[in-house]
Amino acid sequence: MSESLATAVAAETTNDPSARIRHFLDTHRPSTPCLVLDLDVVGQNYRRLRAALPDARIFYAVKANPHPEVVRLLVGLGACFDVASTGEIDLCLAQGAAPETISYGNTIKKAADIAYAHARGVRLFVLDSAQDVAHLAEHAPGASVFCRVLVEADGARTPFGKKFGCAPEMAVELLREAGERGLDVRGVSFHVGSQHVDPSAWELGIARAAQVAAAGVPVGLVNLGGGFPSTYTEAVPALTEYAAAVERALERHFGAARPELIIEPGRALVGDAGMIRSEVVLVSRKSVEDTHRWVYLDVGRYNGMAECEGEAIAYRLRTAHDGGPDGPVVIAGPTCDGDDVLYQRTAYRLPLALAAGDHVDIPCTGAYTASYSSVSFNGFPPLTTHVIGAKQI
Ligand SMILES: *Cc1c(COP(=O)(O)O)cnc(C)c1O
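Quick notes on the rules
- Residues numbered from 1 in each chain as written.
- Predicted model: local features only at pLDDT ≥ 70, side-chain atom pairs only at ≥ 80, totals over all residues.
- Heavy atoms only, no water.
- Helix = DSSP H or I, 4+ residues; strand = E, 2+ residues; numbered from the N terminus.
- Rg over C-alpha atoms; globule rule 2.2 N^0.38 Å.
- Buried < 20%, exposed > 50% of the residue type's maximum accessible area, 1.4 Å probe, protein only.
- Contact = heavy atoms within 4.5 Å.
- Areas by Shrake-Rupley, 256 points an atom, 1.4 Å probe, with all protein chains shown as cover.
- Lys, Arg positive; Asp, Glu negative; His and termini not counted.
- Charge placed at Lys NZ, Arg CZ, Asp CG, Glu CD.
- Pairing = 2+ DSSP bridges.
- Near = heavy atom within 4 Å.
- Polar contact = N/O pair within 3.5 Å; in protein donor to acceptor, adjacent residues only side chain to side chain.
- Phe/Tyr/Trp six-rings, centres within 6.5 Å; stacked < 30°, edge-to-face > 60°.
- Lys NZ or Arg CZ within 6 Å of the ring centre and 35° of its normal.
- Axes fitted to C-alpha atoms, helices over the stretch in contact; angles between N-to-C directions.
- Parallel < 35°, antiparallel > 145°, perpendicular 65-115°, else oblique.
- Left-handed = near helix turned anticlockwise from the far one by under 90°.
- Nonpolar A, V, L, I, M, F, W, Y, C, P; charged D, E, K, R; others polar.

**Q** Would you explain the overall build of the chain in this entry?
**A** From N to C terminus, the chain includes 11 helices and 18 strands. A compact globule built from 393 residues should have a C-alpha radius of gyration of about 21 Å, and the chain, at 22 Å, falls within 12% of that. Along the three orthogonal principal directions, the C-alpha set of the chain runs to about 70 × 40 × 40 Å. Looking at the 393 residues of the chain, the share that counts as buried comes to 55%. Of the contacts made within the chain by residues no fewer than 6 positions apart, 72% connect residues no fewer than 24 positions apart. Total accessible area on the chain stands at roughly 16,100 Å², and carbon and sulfur atoms take up 52% of it. Here the chain carries 35 positive and 46 negative side-chain charges, and the mean point of each set is 2 Å from the other.

Right, dumping it as structure tokens:
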């Protein structure tokens with residue numbers, strides 16, 4: 001891990017979207033912890049994704065960062081939205097999204113929530129169960145539907161496991177049933193798992209979609225999901241490599257019968273647009289001979305760093321003492337919860353000079369940080385977000 005940490009640090013110096021954020025933090029000195037999000041970077045990421053996959057419609061996965069200004073910016077750029085709840089539908093509509101640009105992408109939804117979405121004008125829904133087909137036929141009559149197939153692709157840093165999707169054979173049955181009940185059958189979706197570092201993973205989902213098509217179900221649409229990465233400590237393939245892998249798989253499995261495409265990026269749009277500034281609360285050792293210092297930050301797993309669970313995401317850390325002598329550390333959050341430890345197996349090192357009151361900046365924290373931090377567990381408030389950049393849009 002320490003080797004890849006070094007590589008990432010080198011990469012960071014060549015391409016550093018957080019420079020403007022640091023300037024904002026140093027000028028305005030907001031209280032910590034806080035997330036600063038640069039909307040211009042979100043816009044750049046949107047344009048980069050569109051250039052890499054020009055014929056895919058982009059549905060932003062709102063859960064990655066539901067800040068209203070992010071949604072408003074993306075409405076202005078012509079994006080569509082992947083939502084998981086009535087709350088996210090209301091958020092998108094309030095920021096000016098047209099209902100026909102919203103996809104209800106959660107396979108787990110109450111009948112009442114389907115009815116609510118339909119009443120608000122949402123017309124595109126995912127399903128992966130017979131129960132959902134029945135609910136959709138009843139509460140969203142005539143709506144367009146696609147079926148999520150299960151794809152278990154190694155290489156996701158935060159995998160979905162088996163929670164969503166069904167076997168392709170079942171997808172065939174469900175979509176047939178949906179068609180018979182008057183729903184408009186559009187095709188198939190999958191999600192290879194978030195922060196996926198292997199572009200070839202998409203082939204498995206595309207092959208499954210083709211399998212559904214081969215059984216005679218109309219698959220005019222393939223929703224390639226999210227999974228496109230941000231850059232943490234580990235090097236990741238370029239977006240163009242993902243696009244090339246998708247192209248190859250479409251050619252191989254669909255040939256001339258190329259379907260319409262959707263992607264649902266979350267992390268890839270907002271991840272590197274944000275940086276958290278935290279403060280060191282305490283540095284200590286557990287005994288005089290302890291080889292590791294414990295560094296306690298004012299940000300932890302319950303106020304922004306949820307993706308440190310299982311040490312799934314290894315964030316870069318930056319301090320004003322970088323470059324000086326350093327040593328091994330365990331890094332923990334501020335709450336009285338024994339699980340509020342960020343890194344104890346991942347070999348992090350921090351400067352020996354680091355002391356209480358110093359800042360630790362955490363780049364690439366625009367995704368899955370503030371959105372997970374919604375209750376004041378233990379009296380520590382949810383992560384505050386400051387937005388900079390294209391506010392005028
Ligand atoms: C969370 C989610 C996404 C976004 O995934 P990323 O890996 O952040 O791009 C896309 N689609 C669905 C259905 C999701 O639940």
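Next comes the rest of the account.
**Q** Got a minute to help me understand the pairing of strand β1 (residues 34-38) in this structure?
**A** Side-chain direction in a regular strand flips from residue to residue, so the side chains alternate between the two faces of the sheet. Burial runs high along β1: 5 of the 5 residues are buried. Neither face of β1 is left uncovered, since the one carrying Cys34, Val36 and Asp38 and the one carrying Leu35 and Leu37 both have all their residues buried. Inspection of the sheet shows β1 paired to strand β18 (residues 384-388) by 5 bridges, in the parallel sense. Looking across to β18, one finds that Leu35 is bridged to Thr385. The sheet contact formed by β1 and strand β12 (residues 274-284) spans 4 bridges and is antiparallel. Each residue of the ladder has a partner; that of Leu37, found in β12, is Gly274.

**Q** I tried to follow the site of the ligand on my own but got confused; where do I start?
**A** Close to the ligand lie 14 residues, the nearest being Lys63, Ser194, Glu264, Arg267 and Tyr368. A distance of 2.7 Å separates an oxygen atom of the ligand from a polar side-chain atom of Lys63. Within the side chain of Asp82, a nitrogen or oxygen atom sits 3.4 Å from a nitrogen atom of the ligand. Relative to its unbound accessible area of 390 Å², the ligand is 94% covered by the protein chains.

**Q** Would you explain the environment of Asp128 in this entry?
**A** Examined against the element boundaries, Asp128 turns out to sit in the loop between β5 (124-127) and α7 (130-139). A sequence separation of 48 residues divides Asp128 from Arg176, and the C-alpha atoms of the two residues are 12 Å apart. Engagement of the side chain of Asp128 in a polar contact is seen with the backbone nitrogen of Gly165, the distance being 2.8 Å.

**Q** Sorry, what's going on with the side chain of Asp132 here?
**A** Inspection of the secondary structure puts Asp132 in helix α7. Asp132 sits in the buried class, given a relative accessible area of 2%. Once residues lying within four places of it in the same chain are set aside, the contact partners of Asp132 are Thr107, Lys109, Ile114, Val126 and Leu127.

**Q** Please explain the packing of aromatic side chains as it appears in this structure.
**A** Two numbers describe a pair of aromatic rings. These are the distance of the centres and the angle of the planes. This structure, assessed with the given rule, holds 10 aromatic pairs. Both rings, one in Phe228 and one in Tyr242, keep their centres 6.0 Å apart while their planes meet at 70°; by these two values the pair is edge-to-face. Highlighted residues: Phe228 in the loop between β10 (221-223) and α10 (239-254) and Tyr242 in helix α10, separated in sequence by 14 residues. Taking the relative accessible area as the measure of exposure, Tyr242 reaches 1% and is therefore buried. Taken together, the aromatic side chains of Trp202, Phe228 and Tyr242 make up a single cluster linked through ring pairs. Of note, Lys286 hangs over the ring of Trp294, and the distance from its end group to the ring centre comes to 4.7 Å.

**Q** Explain the packing of helix α6 (residues 111-119) against α7 here, please?
**A** The relative placement of two packed helices is expressed as an angle between their axes plus a distance between the axes. Between α6 and α7, the shortest axis-to-axis distance is 9 Å and the interhelical angle comes to 40°. One element, α6, and the other, α7, form an angle in the oblique class. Handedness of the α6/α7 crossing: right-handed. In contact with Ala111, Ile114, Ala115 and His118 of α6, α7 contributes Asp132, His135, Leu136 and His139. Split into classes, the residues belonging to the contact of α6 with α7 amount to 4 nonpolar, 3 polar and 1 charged.

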